[in-house]
Each structure stands twice: as C-alpha cells, then as structure tokens.
Amino acid sequence: MTPAHTEAPAPPVLVLDHLTRRYGSLTAVDDVSLRLPAGARHAVIGPNGAGKTTLLNLIAGTDRPDRGTIALNGTDITRTATAKRSRLGIARSFQQPSVISELTVLDNVVLAGWPHHPKRRGAWRSPSRYRLHEESAAGHLETVGLADLAHRPAATLSHGQRRMLDLAAALAGGPRLLLLDEPAAGLTDGDIGRLLAILSGLPDSVAVILVEHHVEVVAQLATSVTVLAAGRVLVTGPTAEALAHPEVRDAYHTAGAASGAAPAVIGPSPTDARG
C-alpha cells in the first residue's frame, strides 16, 4: 500500500534562540528562546524592568543581541536591518504612539504603508496611483474608527486616538508579525473594547506578540503567554496556566516589594523604559 502523502508542517513564523542583550553590567534579556506558530496570539508579560520592551526591540531590529539568533519564517534575520525586517513583514507599535503631528491622520497611514504598496513607484506623480494609496489608508482608518478624522492634523488627536492611529499605521504594511508594546496603556474602557475587537478580527496570517500590563486584555486576546523576570523566562505556556503559575505571582510580589509599592499579581502599572 502506498503511504498517504502528508504535507510538511509550516515553519514557525518566529523563532528566538537563546537571545541575550546586555547594557554594561545589566542583562536586559537573558537567554530567551521562543517559537511562535503562524497566527499566534502571544503575550509577553512581567514586572517593570523585566526586559519586555527590549525583547520587542530585538525582534524589530532597533536593537541587536549580544548572543542568540532570530528567524522569521525560516530565514535568519538576526543581523537584518530594521527597514528590511519591515519589508519582510514585521510591524510595530510603541509605548508612546509614533505619529507625525504635522501630517493629517490619513497621510500618516499613507506614509506608513508606502514602502509596502504594490503601486508605490511614481505614485507622487500619478494622481490615480496616489488615490490607491489613499483608499488603502482610508480602509485602515475605518478599521480603527478614525475614518471621520482622516483630514484632521494628527496633532489634534487625543491620546486614545493617537494609539489607534499608531495601530492603523502598523497594519498599513500588511504585516505577518505585529509587535504591540502596551497598546491599551491610557485607553478608556470603550477604547480597550475597540482595540480588542480590532485585534481579535485580524486574520490568521498575522501573528501577534503583545506586551501588556492589563491582565484582562491579555486574558481575552492571548492564547499563550511568556512571563519574563529580570530578563529571563519564568514560564511559557497557555494563558490561563501561565497567569496562575506560582512563580509568576511570586515575581510580581517581589517586584512590588522591592519598589516599595503594594504587591500586585498582574495589572496596570507605570511604564518602565526598559520594559
């Protein structure tokens, strides 16, 4: 009997292998390994200073590891420049929304999507091609609820609206891997609901890594979680199991006691530049 043909499994969208990043005597990311399948909804959590934002920086290419490798869809990108990583499908939002205040809301998204658009060549000189860019950008603004503000200067937006614009700009490149750094920080309950609806509606072709202090956002969106403490992985696993793990609770309790704050398990807390 001829054996049944089986397709080889698709490679993980992202593989981190023993990543380490030091700043002098501080080891911000310490021997971190992770494998994410296509379509993953993965959260990275931990106390302030745990290395979460540094880990996103390493994946996005704005920082380089001292040791270890990063592979995207089976290709080593450890030394690949940030701009090329973006073209390969990595998009990112930041703790502080990265928008160009002098441009309109629409033009912010047009500019973000420009390098990825199939009709980018000569579009500045071709009104019909430029309209294609605007139509694509307008669709992303519709997704995040900013369509009515398309022609307003970005400088006039509220904090929550700027966060949504930052997300629209990240989506404009058609990412395969979306890195979100505390996207719910400073949002109202209504804005958080919209954020969850947007991210829950992303296609399975887009994998998401979310750094977030709001446990309700993590619990509703992420199917798996990595917990960092002092740059090292404490736990990686299904969301409910990771959040309930005794070492996770101990790490947050210890971090709260060391800072003089009331101990907490997981919840909103001030932003730390080291993540």
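Right above here is the structure, for reference.
Quick look at the structure, then. This structure is a prediction, so every number in the text was calculated from the model and none was measured. (Residues numbered from 1 in each chain as written. Predicted model: local features only at pLDDT ≥ 70, side-chain atom pairs only at ≥ 80, totals over all residues. Heavy atoms only, no water.)

### What about the overall build of the chain?
Looking only at helices and strands, one finds nine helices and 10 strands in the chain. With 275 residues in all, the chain has 48% of them scored as buried. Summarising the internal contacts of the chain: among those between residues at least 6 apart in sequence, 65% fall at separations of at least 24. Carbon and sulfur atoms provide 54% of the accessible area of the chain, an area that totals close to 13,300 Å². (Helix = DSSP H or I, 4+ residues; strand = E, 2+ residues; numbered from the N terminus. Buried < 20%, exposed > 50% of the residue type's maximum accessible area, 1.4 Å probe, protein only. Contact = heavy atoms within 4.5 Å. Areas by Shrake-Rupley, 256 points an atom, 1.4 Å probe, with all protein chains shown as cover.)

### Overview of the nonpolar core
Grouped together as the largest cluster of nonpolar side chains are 47 residues, with contacts concentrated most on Leu-141, Leu-165, Leu-167, Leu-178, Leu-199 and Val-225. The dominant element in this core, judged by the number of residues it contributes, is helix 5 (residues 159-171), at six residues. What Leu-165 contacts, discounting residues up to four positions off in sequence, is Val-99, Val-105, Asn-108, Val-109, Leu-141, Leu-146, Ala-154 and Leu-157. With 26 residues, the next largest nonpolar core counts Val-13, Val-32, Leu-34 and Leu-36 among its residues. (Core = buried A, V, L, I, M, F, W, Y, C linked by side-chain atoms within 4.5 Å.)

### Some thoughts on the pairing of strand 1 (residues 14-23)
Where strand 1 lies against strand 2 (residues 26-36), seven bridges are found, and the strand directions are antiparallel. The residue of strand 2 that forms the bridge with Tyr-23 is Leu-26. Counting the residues that bridge the hairpin from strand 1 to strand 2 gives two residues, and of these Gly-24 lies at a positive phi of roughly 65°. (Pairing = 2+ DSSP bridges.)

### Observations concerning the environment of Ala-242
Locating Ala-242 in the fold gives a position in helix 8 (residues 239-244). Each C-alpha atom, one on Ala-242 and one on Val-225, is 6.3 Å from the other, the two residues being 17 residues apart in sequence. Once residues lying within four places of it in the same chain are set aside, the contact partners of Ala-242 are Val-225, Val-227, Val-235, Gly-237 and Val-248.

### Brief notes about the pattern of salt bridges
With the rule as written, the count across this model stands at five salt bridges. As a salt-bridge pair, Arg-21 and Asp-66 come within 3.3 Å of each other at their nearest N and O atoms. Of this pair, Arg-21 sits in strand 1 while Asp-66 sits in the loop between helix 1 (52-60) and strand 4 (67-72), and the two are 45 residues apart along the sequence. We classify Arg-21 as buried; its relative accessible area is 15%. For Asp-66, a relative accessible area of 42% puts it in the partly exposed group. Arg-92 serves as the salt-bridge partner of Asp-181, at 3.6 Å between the closest nitrogen and oxygen. (Salt bridge = Lys/Arg side-chain N within 4 Å of Asp/Glu carboxyl O.)

### Digging into the sheet that holds strand 4
Read across the sheet, four strands follow the order 2-1-4-5 without closing on themselves; strand pairing throughout is antiparallel. Each end of this open sheet is capped by a strand with a single partner; those strands are strand 2 and strand 5 (75-76). Across two bridges, strand 4 lies against strand 5 in antiparallel orientation. Bridge assignment links Leu-72 to a residue of strand 5, and that residue is Thr-75. The sheet strands contacting helix 1 are strand 1, strand 2 and strand 4, and the helix crosses strand 1 at an angle near 120°. (Axes fitted to C-alpha atoms, helices over the stretch in contact; angles between N-to-C directions.)

### Regarding the sheet that holds strand 10 (residues 232-238)
Across the sheet, six strands lie side by side as 6-7-8-3-9-10; this open sheet has mixed pairing. Edge positions in the open sheet fall to strand 6 (90-92) and strand 10, since each of these has one partner strand only. The mean inter-strand angle of the sheet, taken between neighbouring strand axes irrespective of direction, is 15°. As paired elements, strand 6 and strand 7 (residues 177-181) share three bridges and run parallel to each other. Paired with Arg-92 across the bridge in strand 7 is Leu-179.

### Re helix 1
The element helix 1 is largely enclosed, with a buried count of nine among its nine residues. Among all positions of helix 1, only Lys-52, Thr-53, Thr-54, Leu-55, Leu-56, Asn-57, Leu-58, Ile-59 and Ala-60 are buried. After helix 1 finishes, the residue Gly-61 shows a positive phi value of roughly 100°.

### Describing the environment of Gly-89
Relative to the helices and strands, Gly-89 resides in the loop between helix 2 (82-88) and strand 6. Judged by its relative accessible area of 7%, Gly-89 falls in the buried class. Considered as a pair, Gly-89 and Asn-73 are 16 residues apart in the sequence and their alpha carbons are 9.9 Å apart. Ignoring anything within four residues of it in the chain, the contact list for Gly-89 reads Pro-175, Arg-176 and Leu-177.

### Topic: the side chain of His-213
Tracing the backbone through its elements, the reader meets His-213 in the loop between strand 8 (207-211) and helix 7 (215-221). For His-213, a relative accessible area of 3% gives the class buried. Within polar-contact distance, the side chain of His-213 engages the side chain of Asn-48 at 3.1 Å. (Polar contact = N/O pair within 3.5 Å; in protein donor to acceptor, adjacent residues only side chain to side chain.)

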